[in-house]
Amino acid sequence: MGFSGRGEMIPNKDSYCEIDTGTVDKWGIPVLKFHFKRSDHEIRQVRHMQETFRGLIDEMGGEPLSAMPGPEDDYGIAPGGVIIHELGVTRMGDSPDTSVLNANCQAHDVKNLFVADAGPFVSQPNKNPTWTILALAMRTSEYIAERANRGELA
Ligand SMILES: Cc1cc2nc3c(=O)[nH]c(=O)nc-3n(C[C@H](O)[C@H](O)[C@H](O)COP(=O)(O)OP(=O)(O)OC[C@H]3O[C@@H](n4cnc5c(N)ncnc54)[C@H](O)[C@@H]3O)c2cc1C
């Protein structure tokens, strides 16, 4: 029997992207450079998962096949990027100071610019994201149609 834990990564100021001024793609467009750092939130979630899984095995009369990883190994958390759920960057929010989009995935600064993919996510939830991406895109499409029909996006 195997266990695989998933948790939410809480946004932190050390994890962000910026335009890489030194690298362009094959069309000459500057690429993004990502910065990434975990916080105690993620490490503590992993410790809790390890303890919970091992407790379940114990209750069932089993024996874990590996020792509990310690704090020096961040309790066995996977390296960043292994779970490839790409989300965020153009996060939604109430304030243009801390977000790019409003709750309708519309840019705060440009009223006819919408982001209908995983960009509006404000964190990495612990579940697979695609249904939520689709639901947000549908809601944004309805909003665009409604506002465009009223002539409010021109
Ligand atoms: C191997 C793998 C397995 C996954 N499995 C699951 C799963 O089982 N369930 C789940 O919910 N999620 C899964 N995910 C995560 C999910 O696929 C992503 O979170 C989701 O696709 C993100 O959607 P997006 O539209 O924001 O970005 P993307 O799907 O990455 O789309 C971005 C698009 O932009 C294009 N693009 C990039 N740069 C440019 C440019 N300069 N000009 C024009 N176009 C450009 C790219 O070609 C791409 O088509 C998986 C991801 C991977 C990689």
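What counts, and where the lines are drawn
- Residues numbered from 1 in each chain as written.
- Predicted model: local features only at pLDDT ≥ 70, side-chain atom pairs only at ≥ 80, totals over all residues.
- Heavy atoms only, no water.
- Helix = DSSP H or I, 4+ residues; strand = E, 2+ residues; numbered from the N terminus.
- Rg over C-alpha atoms; globule rule 2.2 N^0.38 Å.
- Buried < 20%, exposed > 50% of the residue type's maximum accessible area, 1.4 Å probe, protein only.
- Contact = heavy atoms within 4.5 Å.
- Areas by Shrake-Rupley, 256 points an atom, 1.4 Å probe, with all protein chains shown as cover.
- Lys, Arg positive; Asp, Glu negative; His and termini not counted.
- Charge placed at Lys NZ, Arg CZ, Asp CG, Glu CD.
- Polar contact = N/O pair within 3.5 Å; in protein donor to acceptor, adjacent residues only side chain to side chain.
- Pairing = 2+ DSSP bridges.
- Near = heavy atom within 4 Å.
- Nonpolar A, V, L, I, M, F, W, Y, C, P; charged D, E, K, R; others polar.

Colleague: Could you give an account of the overall build of the protein, naming the residues involved and the relevant values?
Modeller: Scanning the protein for helices and strands turns up 2 helices and 2 strands. Shown N-terminal to C-terminal, the secondary structure of the protein runs as helices and strands in the order β-β-α-α. For 154 residues, the compact-globule estimate of 2.2 N^0.38 gives 15 Å, and the C-alpha radius of gyration of the protein, at 20 Å, exceeds that figure by more than 25%. Counting only C-alpha atoms and orienting by the principal axes, one finds that the protein spans roughly 65 × 40 × 30 Å. When burial is assessed residue by residue, the protein has 23% of its 154 residues classed as buried. Within the protein, residue pairs in contact and separated by at least 24 positions form 51% of the contacts whose partners lie at least 6 positions apart. When the accessible surface of the protein is split by element, carbon and sulfur atoms take 56% of a total near 11100 Å². Positive and negative side-chain charges in the protein, numbering 15 and 22 respectively, have mean positions lying 4 Å apart.

Colleague: Just give me the short version of the environment of Ser 123, but keep the residues and values in it.
Modeller: Of note, Ser 123 is situated in the loop between helix H1 (40–59) and helix H2 (130–149). Residue class for Ser 123 comes out buried when judged on its relative accessible area of 16%. Within the structure, Ser 123 has its side chain in polar contact with the side chain of Glu 8 (distance 2.4 Å).

Colleague: Residue-level account of the pairing of strand E2 (residues 30–35), with values.
Modeller: Alignment of strand E1 (residues 16–24) against E2, held across 5 bridges, turns out to be antiparallel. Within E2, the position partnered with Val 24 by the bridge is Pro 30. Two successive antiparallel strands, E1 and E2, enclose a turn made up of 5 residues, where Gly 28 displays a positive phi of approximately 85 degrees.

Colleague: With reference to specific residues and values, describe the site of the ligand.
Modeller: Around the ligand sit Ile 84, His 85, Glu 86, Asp 117, Ala 118, Asn 128, Pro 129, Thr 130 and Ile 133, and those are all the residues in its vicinity. Between Glu 86 and the ligand, the recorded distance is 3.2 Å, taken from a backbone N or O atom to an oxygen atom. One nitrogen or oxygen atom from the main chain of Pro 129 is found 3.1 Å from an oxygen atom belonging to the ligand. Coverage of the ligand by the protein amounts to 37% of the 1000 Å² it exposes when considered alone. Per-class residue counts for the shell around the ligand are 4 nonpolar, 3 polar and 2 charged.

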